[in-house]
Amino acid sequence: MNCMNNFELTLKNPVWNALSETHNKFSITYSGVKFYHPEICPFGAFEDPVKTASALNEYAKLVDSFFLVSENQTPTFDTNFVILDRKIEGVQMVLENFKLVEIIETIVPLTEKHIDEIYDLVWPVMPGYYKKRSFELVVFS
């Protein structure tokens, strides 16, 4: 019997779980599909792929494009309104054996005054994924 712990179950649908818990204040929900507010980041998640079409139509009215994170499920969608551009396979990784190392660098805590610098660093390599307000997910969660 395969018994998954709560952490493993959370990793099976990480965006859904974040929007249900820690990031709930950034969540927009349509018909059982959860999305981040589009100014934060264009991601969403679902539990039932059969019930996603109307939710995707609603969120698509707010954004030019968005990403859904799911483990091996393809949502149903209205092909007259939403286009599935591509499906990207991803993998969750977990560090099980943490090794302490001496930190000799000066660590500078990032604050709101760094938002533009962070955005300018991330946007060229991850266009569309990161918004200027994505910074709030870490700082204000």
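Structure: see above.
Residues numbered from 1 in each chain as written. Predicted model: local features only at pLDDT ≥ 70, side-chain atom pairs only at ≥ 80, totals over all residues. Heavy atoms only, no water.

**Points about the overall build of the protein chain**
Within the protein chain, the regular secondary structure consists of five helices and four strands. The secondary structure elements of the protein chain, listed N-terminal to C-terminal, are α-α-β-β-β-α-β-α-α. Projected onto its principal axes, the C-alpha coordinates of the protein chain cover approximately 55 × 45 × 25 Å. Counted over contacts in the protein chain with a minimum sequence separation of 6, partners at least 24 positions apart contribute 50%. Of the accessible surface of the protein chain, which amounts to about 10,400 Å², a share of 55% is contributed by carbon and sulfur atoms. Mean positive and mean negative side-chain charge positions of the protein chain (12 and 19 charges, respectively) differ by 3 Å. (Helix = DSSP H or I, 4+ residues; strand = E, 2+ residues; numbered from the N terminus. Contact = heavy atoms within 4.5 Å. Areas by Shrake-Rupley, 256 points an atom, 1.4 Å probe, with all protein chains shown as cover. Lys, Arg positive; Asp, Glu negative; His and termini not counted. Charge placed at Lys NZ, Arg CZ, Asp CG, Glu CD.)

**Looking at the sheet that holds strand S1 (residues 27-30)**
The mixed open sheet is built from four strands, whose spatial order is S1-S2-S3-S4. Two strands bound the open sheet, and with one partner strand each, they are S1 and strand S4 (67-69). Neighbour-to-neighbour, the strand axes of the sheet open up by a mean angle of 30°, direction not taken into account. Across four bridges, S1 lies against strand S2 (residues 33-36) in antiparallel orientation. (Pairing = 2+ DSSP bridges. Axes fitted to C-alpha atoms, helices over the stretch in contact; angles between N-to-C directions.)

**Some words on the side chain of serine 134**
With respect to the helices and strands, serine 134 occurs in the loop between helix H4 (115-122) and helix H5 (136-139). Residue classification places serine 134 among the buried positions, given a relative accessible area of 6%. There is a polar contact of 2.4 Å between the side chain of serine 134 and the backbone oxygen of isoleucine 40. Among residues more than four places away in sequence, those in contact with serine 134 are Glu39, Ile40, Cys41 and Tyr129. (Buried < 20%, exposed > 50% of the residue type's maximum accessible area, 1.4 Å probe, protein only. Polar contact = N/O pair within 3.5 Å; in protein donor to acceptor, adjacent residues only side chain to side chain.)

**Description of the nonpolar core**
Soluble globular proteins: nonpolar side chains tend toward being buried together. Of all hydrophobic cores here, the largest spans eleven residues; its members are Val15, Trp16, Ala18, Leu19, Phe26, Tyr36, Ile40, Cys41, Phe43, Ala45 and Leu137. Mapped onto this core, the elements with two or more residues apiece are helix H2 (14-20) and strand S3 (43-46). Of the residues forming this core, the biggest block, four residues, is contributed by H2. Residue contacts for valine 15: discarding those within four places in its chain leaves Tyr36, Gly44, Ala45 and Val69. With ten residues, the next largest nonpolar core counts Val33, Phe46, Ala55 and Tyr59 among its residues. (Core = buried A, V, L, I, M, F, W, Y, C linked by side-chain atoms within 4.5 Å.)

**Concerning a nonpolar patch on the surface**
Where nonpolar side chains cluster on the molecular surface, the patch consists of Leu95, Phe98 and Leu100 and spans about 430 Å² of accessible area. Mapped onto the elements of the fold, leucine 95 is located in the loop between S4 and H4. (Patch = residues over 30% accessible without salt bridge, like charges linked within 9 Å, V, L, I, M, F, W, Y side chains within 5 Å. Salt bridge = Lys/Arg side-chain N within 4 Å of Asp/Glu carboxyl O.)

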